[in-house]
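# Survey of secondary and tertiary structure
So the chains spell out like this:
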Amino acid sequence: MFAQDRDLLVLEPALLRDIAWASQRTIDTTATLAANTLTITSGSLEAAGVDAGSIILFDSLPIEVIARLSPTQATVSLLRATRQSTPIPPPP
């Protein structure tokens, strides 16, 4: 099995912050966050390949994608101990 972004973040919490160069980004857009729902203002999460297990840097805070709800919305969580753990809402 291949590791997903969330698996790498568990091992090295600062990994994505420390190596976030522009060519590595799958999508660069603005977004809003309400509870556990992230909504992007432009682009497509689906076209960018963002899905469960991906990590999004939101205001420099790495958050885990639990599920992609639509091309512009995803359910997100702070990093959980395991993929089966209860989602943890990011701070407002």
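Residues numbered from 1 in each chain as written. Predicted model: local features only at pLDDT ≥ 70, side-chain atom pairs only at ≥ 80, totals over all residues. Heavy atoms only, no water.

## A few points about the environment of V65
Filter applied, for reference: Helix and strand assignments come from DSSP, with helices taken as H or I runs of at least 4 residues and strands as E runs of at least 2, each series counted from the N terminus. Note on contacts: a residue pair is in contact if any heavy atoms of the two residues lie within 4.5 Å.
Mapped onto the elements, V65 comes out in strand β4 (residues 61-68). Considering only alpha carbons, one finds V65 and G53, 12 residues apart in sequence, at a separation of 5.6 Å. Contact partners of V65, with chain neighbours within four places excluded, come to V50, D51, A52, G53, S54, I56, A74, T75 and V76.

## Structural notes on the nonpolar core
Basically, it comes down to this: Residues belong to a common nonpolar core when they are buried Ala, Val, Leu, Ile, Met, Phe, Trp, Tyr or Cys residues joined through side-chain atoms within 4.5 Å. Relative accessibility under 20% of the residue-type maximum defines a buried residue, over 50% an exposed one, and the middle range a partly exposed one, all with a 1.4 Å probe and only protein chains included.
L38, I40, L45, V50, I56, F58, I63, V65, A74 and V76 form the largest nonpolar core, which has 10 residues in total. Going through the elements one at a time, β2 (37-40), β3 (55-58), β4 and β5 (73-77) are the ones with two or more residues in this core. Beyond its immediate stretch of four places on either side in the chain, I63 contacts L38, S54, I55, I56, F58, V76, S77, L78 and P90.

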